[in-house]
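The residues making up each chain are set out below.
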Amino acid sequence: MQVPAQFEYERATSVEDALAFLARHGPEARVVAGGHSLIPMMKLRLAQPDALIDINDVDELSYIRIDGDHLCLGALVRHAELLDSAVVGEHFAVFHDAERVIADPIVRNRGTIGGSLCQADPSEDLSAAFAAVHALAVIRGPDGSRTVPIREFHTGPYETAVEPGELLTELRVPIRPGGSSAYEKVERRVGDWPLAAAGAALWLEDGRIAEVGIGLTAVGAAHFVAVEAEEHLRGAEPSEEAFAEAGRIAAEHCDPGSDQRGPADYKRHLAGELTARALSRAFERAMGRSRT
Ligand SMILES: Cc1cc2nc3c(=O)[nH]c(=O)nc-3n(C[C@H](O)[C@H](O)[C@H](O)COP(=O)(O)OP(=O)(O)OC[C@H]3O[C@@H](n4cnc5c(N)ncnc54)[C@H](O)[C@@H]3O)c2cc1C
């Protein structure tokens, strides 16, 4: 049986409380939310924090609400809550699409959106979904709050802009008129991590694509984004040809590796195909002929 190394344990009941514990225990302390990533890593001794700061009682981080023209999600929102939220589905179907195919109900009932993004696994699904909708991450530390575009949040595999002593507190997603979104994933078996997946968001204005977001995961796309493909579509007329070309560009510019999930050339092919499909599905939703 694998057992973690010894650690101290603190249970925070507020953000201030969590920040105070982080300050007291220093840079080797780690926050634990759902624990679905951190605890297995501790059992394998891939992570050996001196102290765990449990934020599961920090109710102020557990909300889904509209604030002006933003959808605001507390970092402690569970996968299952994101999946069940009508307001999330109404504005950003990409999250419901993604959550339906993340892990299984056990993981989704406990795992949090903050934990998923902070784990920064290169195959993480929500990173691509949040990148597609141009979300913002709110990070709190001893000196107050700062807001980081999600496209600058991931600084490398398993690395984020959250510094020691800080906490990711909120994800903010701008709501703009004419928006629609979708997520497409290929996995080896139900609930598995993706071989490749793509999230797409479109904002249409006067029959053209005024703004677009394309998130890619598991295929080595820098910051989980297909910027060149987005550039191709910005200002263009939406069409299957344009979406296919965007997929081709996305595939050309990503950098997948071969591993136990599949060979690099297959993942590259999937990146292109799934990008085109996600764009097409988002467009169908915008036109009200959704395949849901
Ligand atoms: C069997 C299984 C299948 C899975 N399948 C998928 C899948 O298909 N797709 C997918 O994307 N993911 C998948 N996952 C990953 C799962 O979604 C994540 O493990 C989980 O949601 C991470 O969230 P958590 O709350 O459990 O994080 P934790 O394990 O508690 O924390 C993860 C990391 O984030 C840090 N952290 C957590 N919250 C904060 C915060 N608010 N501020 C700062 N740092 C924080 C922790 O210190 C730790 O470093 C799977 C996991 C399992 C166990």
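Numbering of residues starts from 1 in every chain and runs along the sequence as written. Thresholds applied to this predicted model are a pLDDT of at least 70 for local features of residues and 80 or more for the giving and counting of side-chain atom pairs; totals over whole chains, interfaces and linings are not thresholded and use all residues. Processing note: side-chain calculations cover all non-hydrogen atoms of the structure and skip hydrogens and water entirely.

Draft legend 1. A look at the pattern of salt bridges. Salt-bridge detection follows one rule: a side-chain nitrogen of Lys or Arg within 4 Å of a carboxyl oxygen of Asp or Glu. A complete count under the given rule lists 22 salt bridges for this structure. Arg-172 is the partner of Asp-67 in a salt bridge, and the nearest nitrogen-oxygen pair spans 3.8 Å. Of the two residues, Asp-67 sits in strand 4 (residues 64-67) while Arg-172 sits in strand 10 (residues 167-174), which places them 105 residues apart along the sequence. Lys-185 is the salt-bridge partner of Asp-125, the closest N and O atoms lying 2.8 Å from each other. One end of the pair, Asp-125, is in helix 8 (residues 125-132); the other, Lys-185, is in strand 11 (residues 179-187), with 60 residues separating them in the sequence. The two residues Asp-125 and Lys-185 agree in class, both being buried. Numbering of helices and strands runs from the N terminus, with a helix taken as a DSSP run of H or I at least four residues long and a strand as a DSSP run of E at least two residues long. Per-residue accessibility, obtained with a 1.4 Å probe over protein chains only, is compared with the maximum for each type, and a residue is labelled buried under 20%, exposed over 50%, and partly exposed between these values.

Draft legend 2. Region of interest: the side chain of Ser-123. Here Ser-123 lies in the loop between helix 7 (113-119) and helix 8. Of the residues examined, Ser-123 reaches a relative accessible area of 11% and is grouped as buried. It only takes one pair of heavy atoms within 4.5 Å for two residues to be counted as in contact. Contacts of Ser-123, omitting those with residues within four sequence positions, involve Trp-193, Pro-194, Thr-217, Ala-218 and Arg-261.

Draft legend 3. The arrangement of the site of the ligand in detail. Surveying the vicinity of the ligand reveals 30 residues, the closest of which are Val-31, Ser-37, His-79, Thr-112 and Asp-125. N or O atoms within 3.5 Å of each other form a polar contact, as long as, within protein, one can give a hydrogen and the other can take it, and as long as residues adjacent in sequence are counted only when both atoms are side-chain atoms. In this structure, an oxygen atom belonging to the ligand sits 2.5 Å away from a main-chain N or O atom of Val-31. Gly-35 places a polar main-chain atom, nitrogen or oxygen, 2.8 Å from an oxygen atom of the ligand. The method behind every accessible area is Shrake-Rupley, applied with a 1.4 Å probe, and residues are considered shielded solely by the protein chains displayed. When the ligand sits alone it has 970 Å² of accessible area, and the protein chains cover 89% of it. Of all elements in the fold, only strand 2 (29-32), helix 7 and strand 10 reach the threshold of two or more residues within the shell around the ligand. The dominant element in the shell around the ligand, judged by the number of residues it contributes, is helix 7, at five residues. Residue composition of the shell around the ligand, by class: 13 nonpolar, 12 polar and five charged. Put simply, a residue is near a molecule or strand once any heavy atom of it comes within 4 Å of that molecule or strand. Polar here means any residue other than Ala, Val, Leu, Ile, Met, Phe, Trp, Tyr, Cys and Pro, which are nonpolar, and Asp, Glu, Lys and Arg, which are charged; Gly is therefore polar.

Draft legend 4. Structural detail: the sheet that holds strand 7 (residues 144-149). Strand order in this open sheet of five strands is 4-5-10-6-7, and the pairing throughout is antiparallel. Each edge of the open sheet carries a strand with a single partner, namely strand 4 and strand 7. Strand after strand, the sheet turns through a mean of 25 degrees between neighbouring axes, direction not considered. Here, a strand pair is defined by DSSP locating no fewer than two bridges between the strands. As judged from the four bridges shared by strand 4 and strand 5 (residues 70-74), these two strands associate in the antiparallel manner. Note on strand 5: the bridge partner recorded for Asp-67 is His-70. Only the stretch in contact is used when a helix axis is fitted, and all axes are lines through C-alpha atoms; the angle between N-to-C directions ranges over 0 to 180 degrees.

Draft legend 5. Region of interest: the state of the cysteines. By convention in this document, the label disulfide applies to cysteine sulfur atom pairs within 2.5 Å. For the coordinates displayed, the defined rule picks out zero disulfides. Left unpaired, Cys-118 is separated from the closest cysteine sulfur, that of Cys-72, by 17 Å.

Draft legend 6. The packing of aromatic side chains, seen in detail. Side-chain rings of Phe, Tyr and Trp, where Trp is taken by its six-membered ring, are said to pair if the distance between their centres is within 6.5 Å; with planes under 30 degrees apart they count as stacked, over 60 as edge-to-face, and otherwise as tilted. For the structure on display, the rule yields three aromatic pairs. Arranged with centres 4.6 Å apart and planes meeting at 50 degrees, the rings of Phe-95 and Phe-130 form a pair that is tilted. On the criterion of sequence distance, the pair formed by Phe-95 in helix 5 (residues 93-100) and Phe-130 in helix 8 is long-range, its members being 35 residues apart. Owing to a relative accessible area of 0%, Phe-95 belongs among the buried residues under this scheme. Taken together, Phe-92, Phe-95 and Phe-130 form an aromatic cluster joined through their ring pairs. Over the face of the ring belonging to Tyr-63 we find Arg-65, whose NZ or CZ atom lies 3.9 Å from the ring centre. Cation placement over rings: the criterion is NZ of Lys or CZ of Arg within 6 Å of the ring centroid and within 35° of the ring normal.

It is worth stressing that arrangement in space is one thing and function is another; only the former is reported here.
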